[in-house]
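Working through the structure, step by step
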Amino acid sequence: GSRSKELVNWVDLAPTVLSIAGVGAPDFFQGRAIAGPARKSAPEFTYNFRDRMDERIDLCRAVTDGRWRYIRNYRPELPTMQYVTYLWNMASMKDWDRLRSEGKLNRVQASFFQPKPVEELFDLQADPDNVTNLAGEKSHRATLERMRAANRTHLLRIRDTGLIPEALLREAVRRAGLPPHAIQYVEAHGTGTPLGDPIEVQA
């Protein structure tokens, strides 16, 4: 019956379930137990990402400390609302796209179909819907730089392979003589293989 205001993430679910069950979590888990005997203290930040969406690819990374949300768009030339066949089968999406083509959307609604800013910063208390991007405001420069640094540190710590094109990852797995499903391991754990041998990724 209690409620926690701690920062949590989906990657916390598995270690939490194992903790409650009294089972140790593997060392490679990125999440933390938020309950049970293995519970760990809340982190300063939690992280989000956006990559593949069915047949479309994007590359966004985000970090929040509960008050601020920072988003780094590594493919800013792509709109947030890329055409995805499944999504465009929904009546609401068809109406939204029709209103866009008729020029009937307001500035915020239309922005989903336009290129994204490279960086976004939102005040979650004053702007919970993330409408007003504060990344360019001088008064929020210190916050922007702190959140930017947190994002970069996290990407390096987990060896984020999202910046490596999928075609290069597939080729690296093929040249290493591994089965196709090994790319899932490479994407999750970096350029090492399940056997521990490094995979060389060449541009």
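**Side note on the layout of surface pockets**
Here the second largest pocket defines a volume of roughly 600 Å³. Lining the second largest pocket we find 24 residues, and of these Thr-80, Phe-112, Glu-120, Phe-122 and Asn-130 sit closest to its centre. Mapped by element, the contributors of at least two residues to the lining of the second largest pocket are strand E1 (46-53), strand E2 (56-64), strand E3 (68-73), helix H3 (107-111) and strand E4 (119-123). Among the residues forming the lining of the second largest pocket, the class breakdown is ten nonpolar, eight polar and six charged.

**Topic: the sheet that holds E4**
Here we have four strands laid out as an open sheet, ordered E1-E2-E3-E4, and antiparallel in their pairing. Two strands close off the open sheet at either side, each with one partner strand: E1 and E4. When the angles between neighbouring strand axes are averaged without regard to direction, this sheet yields 15°. Across five bridges, the pairing between E2 and E3 is antiparallel. The residue bridging Ala-62 from the neighbouring strand is Ile-71, located in E3. Where helix H4 (residues 141-157) meets the sheet, its contacts fall on E1, E2, E3 and E4, and the angle it forms with E3 comes to roughly 60°.

**Remarks on unusual backbone geometry**
Even without glycine at this site, Asn-130 takes up a positive phi of about 55°. Secondary-structure assignment places Asn-130 in the loop between E4 and H4. A positive phi angle, near 55°, is found at Arg-159, a position not held by glycine. Looking at where Arg-159 falls in the secondary structure, it is placed in the loop between H4 and helix H5 (166-175).

**Let's talk about the packing of aromatic side chains**
Enumeration according to the criterion identifies four aromatic pairs in this entry. A centroid spacing of 5.3 Å and a plane angle of 80° characterise the contact between Trp-96 and Phe-113, whose relative ring orientation is edge-to-face. You can see Trp-96 sitting in helix H2 (residues 91-101) and its partner Phe-113 sitting in the loop between H3 and E4, a full 17 residues away along the chain. Relative accessible area serves as the criterion here: at 23%, Trp-96 is assigned to the partly exposed category. Among the residues examined, Phe-113 registers a relative accessible area of 18% and is labelled buried. These aromatic residues form a ring-pair network of at least three members: Trp-96, Phe-112 and Phe-113.

About the thresholds
- Within each chain, residue numbers correspond to sequence positions counted from 1 in written order.
- Note on the predicted model: pLDDT of at least 70 is required for a residue's local features to be given, and 80 or more for side-chain atom pairs to be given and counted; whole-chain, interface and lining totals, by contrast, use all residues.
- As a convention, hydrogens and water are excluded, and side-chain values are obtained from all of the structure's heavy atoms.
- Using only the protein atoms, space was sampled on a 1 Å grid; points where a 1.4 Å probe fits but cannot get out form cavities, open sets with protein on both sides within 12 Å along at least five of seven lines form pockets, and lining residues are those with an atom within 4 Å of a point.
- Grid points are joined across faces, edges and corners, and a volume is the space filled by probe spheres set on the points.
- Secondary structure counts use DSSP, requiring at least four H or I residues in a row for a helix and at least two E residues in a row for a strand, with both numbered from the N terminus.
- Classification convention: Asp, Glu, Lys, Arg as charged; Ala, Val, Leu, Ile, Met, Phe, Trp, Tyr, Cys, Pro as nonpolar; all other residues, Gly among them, as polar.
- The pairing criterion is simple: DSSP has to find at least two bridges between the two strands.
- Helix axes are fitted to C-alpha atoms over the stretch in contact, other axes to C-alpha atoms as well, and angles between N-to-C directions run from 0 to 180 degrees.
- Here a residue-residue contact requires only that any non-hydrogen atoms of the pair lie within 4.5 Å.
- Between 30 and 60 degrees the pair is tilted, below 30 it is stacked and above 60 it is edge-to-face, where a pair is any two Phe, Tyr or Trp rings, Trp via its six-membered ring, whose centres lie within 6.5 Å.
- Partly exposed residues are those whose accessible area sits between 20% and 50% of the maximum for their type, while under 20% is buried and over 50% is exposed, using a 1.4 Å probe and protein chains only.

Honestly, that's just the spatial picture; any functional story needs more than this.
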